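Coordinate analysis (summary)
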Amino acid sequence: MTGRAQHLRAWAELLRLPALFTVPGDALAGASAVGLRPGRGTFLAIGSSLCLYEAGMALNDWADRAEDAVDRPHRPLPSGRIRPAAALAAAGAFTAGGLALAHRAGRPATLLATALAGTVWAYDLGLKRTQAGPVAMAAARGLDVLLGAAATVPRRGQAFRKAGRVGTAPDAGGPEHGLGAALPTATTIAAHILAVTTVSRNETQGGNTAAPLAALAASLTLARWTGRTHELPAGRRVAAAPGLSGSITTALAAAYAGATARPYFHAALNPSPPLTQRAVGAGIRSLIPLQAALAARAGAPRTALITAALAPLAQRIAPKVSVT
């Protein structure tokens, strides 16, 4: 491997490239939750989310460089493959890029992206070492869903046809277009991340049985709730083909449960660092079928299938670059 290739691999490890595939589904699920097809604002939100996610990855390793020198000396910073100053500069650049993209999506998206960026920096620089750490990480992911919803909703006075409405709807700003419609989706994804982050607090030392057991119970509960059929608004029922949407929702919810159940159960039986790390990796990747199931549940089967297609891509890269 050439020096340039080794340098690129070091950055791929620092930025956890396979985990990037779990990010677009937040905005897509948020857009689906408010009954809209993905549009320009949605893709700006995805770009913003990707930048802020990578900012968090770079900042995480910069803040953990002393700890990683003991527990994970192979990581890019303690191994000397990337300078700490470069990682910190990358975190700042990614944050600026994320906020700039959100600004182009409108004021609500800018406010949510700013809150998300603040949460990411607060988590990496201190909160993750406290009991509030998992809650902060869960809040960040919930904000990411709301960012996608806010960026997709057309601003007052903007033509609906530019937003790509799934079905018929009231004027923008009506109840179906408020961020409140995206709160159940945001809360579901936040609950999943809360469980994964709680397990991850023991991935270098192991020894905790309660966390993976609680995560297993949480994932099965979320899968059952997500896969349960419910009544959609009239406009979305016409566009969504409820029989197809319901079948896709059930299949994706089952895929989510299947992706998490075995790794969490194994980590509970034997909470060693390797099995705990495997459970955390599975928890991160299983976010994709959960996001897809939530989109299908909201009456957007096409968006759900597009989101689900990201899973094999993440799985293909995962053996080469760790997501944790």
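Criteria and cut-off values
- Here the residue index of a chain counts from 1 through its sequence in written order.
- Confidence filtering applies because this is a predicted model: local features only for residues at pLDDT of at least 70, side-chain atom pairs given and counted only at 80 or more, and all residues used for totals across whole chains, interfaces and linings.
- Only hydrogens and water are removed before side-chain values are computed, so all heavy atoms of the structure are retained for them.
- What counts as a helix is a DSSP run of H or I of at least four residues, what counts as a strand is a run of E of at least two, and both are numbered from the N terminus.
- Here's how the labels work: a residue is buried when its accessible area is under 20% of the maximum for its type, exposed when over 50%, partly exposed in between, all with a 1.4 Å probe on protein chains only.
- Any pair of residues with heavy atoms lying within 4.5 Å of one another is described as a contacting pair.
- Per-residue and other accessible areas follow the Shrake-Rupley method at a 1.4 Å probe size, with only the shown protein chains counted as cover for residues.
- Confidence scores per residue from the predictor, reported as pLDDT, run from 0 to 100.
- By convention, a stacked pair of Phe, Tyr or Trp rings (six-membered ring in the case of Trp) has centres within 6.5 Å and planes under 30 degrees apart, an edge-to-face pair has planes over 60 apart, and any other such pair is tilted.
- Distance and angle both matter: a charge sits over a ring if NZ of Lys or CZ of Arg is within 6 Å of the ring centre and within 35 degrees of the ring normal.
- We define a nonpolar core as any set of buried Ala, Val, Leu, Ile, Met, Phe, Trp, Tyr and Cys residues linked to one another through side-chain atoms lying within 4.5 Å.
- To estimate the expected span of a helix, subtract one from its residue number and multiply by 1.5 Å.
- This arc corresponds to the set of directions leading from the helix axis out to the C-beta atoms.
- Throughout this description, the term salt bridge denotes a Lys or Arg side-chain nitrogen within 4 Å of a carboxyl oxygen of Asp or Glu.

Digging into the overall build of the chain
A tally of helices and strands in the chain yields 16 helices and zero strands. Counting across all 324 residues of the chain, residues that qualify as buried make up 54%. Restricting the contact set of the chain to residue pairs at least 6 apart, pairs at least 24 apart contribute 79%. Counting only carbon and sulfur atoms, one obtains 64% of the accessible surface of the chain, whose full area is about 14100 Å².

Focus on the confidence of the model for the chain
As a general rule, the predicted coordinates of low-pLDDT regions are not to be interpreted in detail. Per-residue confidence for the chain averages 89 on the pLDDT scale, and 87% of its residues sit at or above 70. In the model, residues 159-175 has pLDDT below 50 throughout and makes 33 contacts with residues more than four positions away in sequence or in other chains.

Concerning the packing of aromatic side chains
Evaluation of the coordinates by the stated rule reveals zero aromatic pairs. Between the NZ or CZ atom of R65 and the centre of the ring of W62, over which it lies, the distance is 4.4 Å.

Points about the environment of P289
Within the element layout of this structure, P289 appears in helix 14 (residues 287-297). Overall, the relative accessible area of 10% leaves P289 in the buried class. For the pair formed by P289 and A223, sequence separation is 66 residues and the distance between their alpha carbons is 10.0 Å. Setting aside residues no more than four positions away along its own chain, P289 makes contact with L252, A255 and Y256.

Topic: the nonpolar core
Residues V34, L112, L116, L147, A182 and I189 are the most contacted members of the largest nonpolar core, which totals 38 residues. Broken down by element, this core gets its largest block of residues, eight residues, from helix 7 (residues 133-152). When sequence neighbours within four positions are dropped, the list of residues in contact with L112 reads L143, L146, L147, A150 and L179. With 17 residues, the next largest nonpolar core counts L20, M57, A195 and V199 among its residues.

Considering helix 10 (residues 210-227)
For helix 10, built from 18 residues, the straight-helix expectation of 26 Å at 1.5 Å per residue is met to within 8% by its first-to-last C-alpha distance of 26 Å. Every buried residue of helix 10 is listed here: A211, P212, A215, L216, S219, L222, A223, T226 and G227. Considered in projection along helix 10, the buried side chains sweep an arc of 135 degrees and stay on one side of the axis. Set apart from the buried face of helix 10 by more than 90 degrees, the exposed residues are A210, T221 and R224.

Description of the pattern of salt bridges
Per the stated rule, a full pass over the model turns up eight salt bridges. R16 serves as the salt-bridge partner of D61, at 2.9 Å between the closest nitrogen and oxygen. Highlighted residues: D61 in helix 3 (residues 40-63) and R16 in the loop between helix 1 (3-14) and helix 2 (24-33), separated in sequence by 45 residues. Comparing D61 with R16 shows no difference in burial state: the two are buried.

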